[in-house]
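Structural description and commentary
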Amino acid sequence: LLFENQLIFLGIKSSESYFSLLHSLINLKLFLVTFITGVIIFFNWSLYLIIFNVFVAERHVFPIEIPVKSDKSKSLSAALGNSESDILKYLAVLDLRLLSQQDEERRKQIFTISHPGGHPHQWKAVADFCISSLKQFVAKLQEYSVVAAAAKEPKMNYNKGISFVLEEQKSFFEPPKESPTFSETVIASLRGWPSVAYFLDELPSIKIRKLFASSQPLIWMIDALGYLVSASYSEDKFGVIQQTLPEIIRLLLDIKMAEEKLPIDLVGFRTHVKDPYGRYDHIHQRVSLKTSVNAALCRIADTFKNDINGIYLPEEYLRYFQRYLNRRNV
């Protein structure tokens, strides 16, 4: 009786066969409507993403020198320092990369000084942004190399090795930590077992993949600094770059040395593979970063090879930079 009531509720007569019941439950019309609607929604969403990516990737030329009564927020220096819109900053870095190589007139605007005062505001804004961003990147590379070295110690637990190596970097004025909760204590004890820690801890290669996956703007900054520094030899009439030139060379060498200390992680293998799932993007970005640093240092070395004695570099950096001056093992 209950089964018959259910069939009546579904609008199916009890005399119908089980095949008719199954055919009635599987409504082909409803299935086709649902399928077509899903395809249309998927197509519209994919088209929206394509149009959005095209719009975002379109180059925007930012003015460098802004008149006094104009909106200063539209300038290149303001866009680089914008902390509210990552897209705006991304486009500003791309514009900086392209103008540093292709646009001589806009490069000269970066090398200008203010009147009155004689301050290189444009170059200072560009250099401060690039140098600070690259220093943060170098710090992350160095931190990861320390963690990777600690993880390879045979007699040292992974987590203990990290805390042991990084202990010296902690401040004495660090505020006292709160007592861990019961769940945190249980998780910490479980991490002592390697088989359990494998599922609880983040894989060592994940951090470096995340780091290099978002390194494209940093590569553009390295290229921009290399082109601007080399172009300043003939275009910088006021010598605005000379004060920051040693710091830029040291920074590029720091990036080079920090990258060399990282694990190999398939660098040099499958660099030509374009994986639709993005599994090798970090490898491509790491190779691109290494190529950009080498190209920038070679460009600077070729430009200032006759004036290298006038650039103050510590002995360690000078010895390393000599490889680029001689074009050996770069």
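Residues numbered from 1 in each chain as written. Predicted model: local features only at pLDDT ≥ 70, side-chain atom pairs only at ≥ 80, totals over all residues. Heavy atoms only, no water.

The name given to the protein in an unreviewed UniProt entry is Nucleoporin NDC1, with Araneus ventricosus as the source organism. Looking at the Sequence similarities (unreviewed entry) heading of the UniProt record, one finds this comment for the protein: "Belongs to the NDC1 family." (UniProt positions renumbered as here; feature names shortened; annotations may be inferred.)

What follows deals with the overall build of the protein. For the protein, the helix and strand inventory stands at 15 helices and zero strands. In the protein, 66% of the contacts between residues at least 6 apart in sequence involve partners at least 24 apart. Accessible surface computed for the protein: about 22000 Å², of which carbon and sulfur atoms make up 60%. (Helix = DSSP H or I, 4+ residues; strand = E, 2+ residues; numbered from the N terminus. Contact = heavy atoms within 4.5 Å. Areas by Shrake-Rupley, 256 points an atom, 1.4 Å probe, with all protein chains shown as cover.)

Tallied over the entire structure, the rule returns one cavity of 30 Å³ or more. Space inside the largest cavity adds up to approximately 30 Å³. Lining the largest cavity we find Ile255, Lys256, Glu259, Leu289, Lys290 and Val293. Elements that contribute at least two residues to the lining of the largest cavity include exactly helix 13 (245–260) and helix 14 (281–304). Partitioned by chemical class, the residues of the lining of the largest cavity number three nonpolar, no polar and three charged. (1 Å grid on protein atoms, 1.4 Å probe; cavity = no way out; pocket = protein on both sides within 12 Å on 5 of 7 lines; lining within 4 Å. Points joined across faces, edges and corners; volume = space filled by probe spheres on them. Nonpolar A, V, L, I, M, F, W, Y, C, P; charged D, E, K, R; others polar.)

A few words on the layout of surface pockets. When its volume is computed, the largest pocket comes out at roughly 430 Å³. Forming the boundary of the largest pocket are 16 residues, of which Lys89, Ser214, Pro217, Leu218 and Met221 lie nearest the centre. Elements that contribute at least two residues to the lining of the largest pocket include exactly helix 5 (86–102), helix 7 (121–151) and helix 12 (216–235).

Further remarks concern a nonpolar patch on the surface. The grouping of Phe31, Leu32, Phe35, Ile36, Val39 and Ile40 at the surface amounts to a nonpolar patch, some 600 Å² of accessible area in total. Tracing the backbone shows Leu32 in helix 3 (residues 28–57). Its relative accessible area of 48% is what places Leu32 among the partly exposed residues. (Patch = residues over 30% accessible without salt bridge, like charges linked within 9 Å, V, L, I, M, F, W, Y side chains within 5 Å. Salt bridge = Lys/Arg side-chain N within 4 Å of Asp/Glu carboxyl O. Buried < 20%, exposed > 50% of the residue type's maximum accessible area, 1.4 Å probe, protein only.)

Moving on to the packing of helix 13 against helix 14. With their axes 10 Å apart at the nearest point, helix 13 and helix 14 run at an angle of 145° to one another. The handedness of the crossing between helix 13 and helix 14 is left-handed. Residues Leu245, Ile249, Leu252, Leu253, Ile255, Lys256 and Glu259 of helix 13 touch helix 14, and the partners they reach there are Arg286, Leu289, Lys290, Val293, Asn294, Ala296, Leu297, Ile300 and Phe304. (Axes fitted to C-alpha atoms, helices over the stretch in contact; angles between N-to-C directions. Left-handed = near helix turned anticlockwise from the far one by under 90°.)

In this model, helix 5 (17 residues) spans 24 Å end to end at C-alpha, consistent with the 24 Å of a helix rising 1.5 Å per residue. N-capping of helix 5 is provided by Ser85, with a side-chain oxygen placed 3.2 Å from the backbone N of Leu88. (Expected span 1.5 Å × (residues − 1). Polar contact = N/O pair within 3.5 Å; in protein donor to acceptor, adjacent residues only side chain to side chain.)

Below, the discussion takes up the nonpolar core. In terms of nonpolar packing, the biggest core is built from 66 residues, with Leu96, Trp123, Leu253 and Phe321 touching the most fellow members. Elements supplying a minimum of two residues to this core: helix 4 (76–80), helix 5, helix 7, helix 11 (204–213), helix 12, helix 13, helix 14 and helix 15 (315–326). The residues contacting Trp123, other than those within four sequence positions of it, are Ile110, Leu225, Leu228, Val240, Ile241, Thr244 and Ile248. (Core = buried A, V, L, I, M, F, W, Y, C linked by side-chain atoms within 4.5 Å.)

What follows is about the pattern of salt bridges. Oppositely charged side chains can pair when the atoms bearing their charge come close. According to the stated counting rule, one finds ten salt bridges in the structure shown. In this structure, the salt-bridge partner of Glu259 is Arg286, at a minimum N-O distance of 2.8 Å. Residue Glu259 is found in helix 13, and its partner Arg286 is found in helix 14; the two are separated by 27 residues along the sequence. Here Glu259 matches Arg286 in class, with each residue buried.

With that out of the way, let us pick up the confidence of the model for the protein. Fine structural detail should not be taken from predicted coordinates in areas where pLDDT scores are low. Predicted confidence across the protein gives a mean pLDDT of 78, with 71% of residues reaching 70 or more. Per-residue pLDDT, averaged within each element of the protein, yields its smallest value for helix 8 (residues 158–166) (41) and its largest for helix 12 (94). Under a pLDDT of 50 for its full length, residues 155–175 has, in the predicted model, 16 contacts with residues more than four places off or in other chains. (pLDDT = per-residue confidence, 0-100.)

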